[in-house]
Amino acid sequence: MRWSRYFLPTLREDPKDSEAISHKLMMRAGLIRRLGAGAYTYLPFGLRALQKAVAIVREEMNNAGAQELLMPAMQPVELWKQTGRYSVLGDVLITFTDRTGKEVALGPTHEEVVTDLLKEIHSHKQLPVTVYQIQTKFRDEPRPRFGVIRSKEFLMKDAYSFDVDVEGLNRSYQVMYDAYQRIFARCGLKVLACEADPGMMGGDVSHEFMAPAESGEDRVVQCAKCGYAANLEAAKCPPAPRPLSPAPEDARKPLELVKTPGAHTVEQVSRFLKVTPAQLIKTLLYDVDPSTSLGMSPKNQAEGLQKDHVAVLVRGDHEVNEAKVRRAVGSAQLKLSSSQTIEHISGAPVGFTGPVKLGGVRLLVDHAAMQVVNAVTGANAAETHLINVNPGRDFQPSLVGDFRIVTEEDRCPKCQSPLSFIRTIESGHVFKLGTKYSQALGALFQDADSTMKPMIMGCYGIGINRLLAAAIEQRHDAQGICWPVALAPFQVVISVMEASNADFMRVGQEVEQTLTASGLEVLLDDRDQSPGSKLKDADLVGIPVQVIIGKAWQAEQQVEVVVRSTKERVRVKFEALKETVDKLLDKVSTL
């Protein structure tokens, strides 16, 4: 391929609206162009890389026994209403009304559609089955950013397993989990397999495959000692081994009202009362939508936690983990109550809600908040707080549990070692869905004992666009991209330093023919540009091996071979070029 005829426009400066490294370099290196918010065109160079990722994903899915199909992007919303996810996704779901008056959704995922399809299976003898597709998905992201990392339109591989029992699901899940590890390794990505919250997908077990990256918008915790890893939504915060304040029972002081004019935030109240934020217990009121059930446990159902409003109590220096609260109340929809609702329930403005004599709501209290002695809380009265509040004496929790986001002070829940916080890009996600969709949509099969049972499902997704972005985030330097060989649009770029030099061009064409005939993908830079500009472009686009035809050929009849990622340089005669390039590509393929 001749660069002079190839549509590969490069940019010298970072685009103004770019944030992440991958976004900047994908624009500058001519992989993508922005059409609108969250929508990108893949130029020929970028599409080649995307197709390399698709090929790897497809091959590993096929090798794992999954069968490829292709489902419509347009989905009837009735299916989404049957599973309850129509209201859960809300404005994120892109819908329109067709000419017959029916409401149609552009699918962000296909659990409903594939479950409805697999209803054609009637017998346990037809199971297990795993199917997958590679297709464009749509989400009306409220804040698309980071280029293709968070966009409104994206390419995704989504797979779905159907089994007769939990043991079968566990086997299917492990097969997909292992396939994912191979996919990321082949793409040259370093990933962490992290415990995750299933969220609106449902189910009770989930793992995210997170690629560490400085520009990543997600954060995960990892224990270097035992290998525990989880995203912030799922990271466990077990009860501390002893109370925050080792005060004996008789040191618990009587309740006291204090006026706190102008102080309603944790920082303001702490400063006004001269206490640490850890001595405060903050009370946050949430609206709960009982129609969006996540499948509550029998225990929670018995305790009647699925109410219209709940109060969540955490220490002043901690933050509420809404994913954990959603799981506890069994609802996929949870949002902070409005100021009007807060005042109606507590009788006080925002910032003065407290648990003492707070009626009409259940109190979900975090373990750490339960251990605070002589705490400060809102008094359910304007400009007023209570001091010397003691959980269990002054208010009774409805449920005590883990309701907060992990902090740097927390220890690994498995081995009690320190945790490290890492920025990452979510590249894949696997779920054990159970019967959430098969039960709602009537995907039943006849078991060996002739009883009708819902299929046991799993779901497995990979954001293929994100594979490219994550690879660039992990493999770049100040000059540009350093492609892993498996994803590189071309394996070799031939840089002819003087396009007007007939001898240089003759050698460049011979090199192109020789390497192409050996099965390599080669880009010949025959443009009439300065040597410096060509070398900068070669570094920017990041093709793994560069063959330079210039001074070394003129002086010694040699070509210079450069490895993009390691800067290794060798000079060889034409006869030794193919063997040298092959060895260097093999070498960098393992990095």
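Being a predicted model, the structure only gives us computed values, none of them experimental.

Brief notes about the packing of aromatic side chains
Reasoning step 1: For the coordinates displayed, the defined rule picks out seven aromatic pairs.
Reasoning step 2: Ring centres 5.6 Å apart and planes at 80° place the aromatic pair Tyr 6 and Phe 490 in the edge-to-face group. Of this pair, Tyr 6 sits in the segment before helix 1 (21–28) while Phe 490 sits in the loop between strand 26 (480–481) and strand 27 (492–496), and the two are 484 residues apart along the sequence.
Reasoning step 3: Note on Phe 490: relative accessible area 2%, which makes it buried.
Reasoning step 4: Centroid distance Phe 184 to Phe 209: 5.5 Å. Interplanar angle 40°. Geometry classified as tilted. Of this pair, Phe 184 sits in helix 6 (residues 166–186) while Phe 209 sits in strand 10 (residues 205–212), and the two are 25 residues apart along the sequence.
Reasoning step 5: Here Phe 184 falls in the buried class, since its relative accessible area comes to 0%.
Reasoning step 6: On the accessibility criterion, Phe 209 (0% relative accessible area) is buried.
Reasoning step 7: Grouping aromatic residues by their ring pairs yields a cluster made of Tyr 177, Tyr 180, Phe 184 and Phe 209.

Things to note about helix 15 (residues 531–541)
Reasoning step 1: Along helix 15, the residues classified as buried are Ser 533, Lys 534, Asp 537, Ala 538, Leu 540 and Val 541. All buried residues of helix 15 project into a common sector of 160° when viewed along the axis, lining one side.
Reasoning step 2: Packed against the buried residues of helix 15 are helix 1, helix 2 (44–63), strand 26, strand 27, strand 28 (522–525) and strand 29 (545–549).

Quick notes on the side chain of Asp 447
Reasoning step 1: Among the secondary structure elements, Asp 447 is positioned in the loop between strand 22 (444–446) and strand 23 (452–454).
Reasoning step 2: Judged by relative accessible area, which is 17%, Asp 447 ranks as buried.
Reasoning step 3: If we skip the residues at most four places from it in the chain, Asp 447 touches His 124 and Lys 453.

Remarks on the side chain of Gln 546
Reasoning step 1: Mapped onto the elements, Gln 546 comes out in strand 29.
Reasoning step 2: Of note is the side chain of Gln 546, whose polar atom sits 2.8 Å from the side chain of Ser 495.
Reasoning step 3: The contact partners of Gln 546, leaving out residues within four places of it in the chain, are Val 493, Ser 495, Leu 535, Ala 538, Glu 560, Val 561 and Val 562.

Conventions adopted
- Residues numbered from 1 in each chain as written.
- Predicted model: local features only at pLDDT ≥ 70, side-chain atom pairs only at ≥ 80, totals over all residues.
- Heavy atoms only, no water.
- Phe/Tyr/Trp six-rings, centres within 6.5 Å; stacked < 30°, edge-to-face > 60°.
- Helix = DSSP H or I, 4+ residues; strand = E, 2+ residues; numbered from the N terminus.
- Buried < 20%, exposed > 50% of the residue type's maximum accessible area, 1.4 Å probe, protein only.
- Arc of directions from axis to C-beta.
- Contact = heavy atoms within 4.5 Å.
- Polar contact = N/O pair within 3.5 Å; in protein donor to acceptor, adjacent residues only side chain to side chain.

These values are about where atoms sit, not about what they do.
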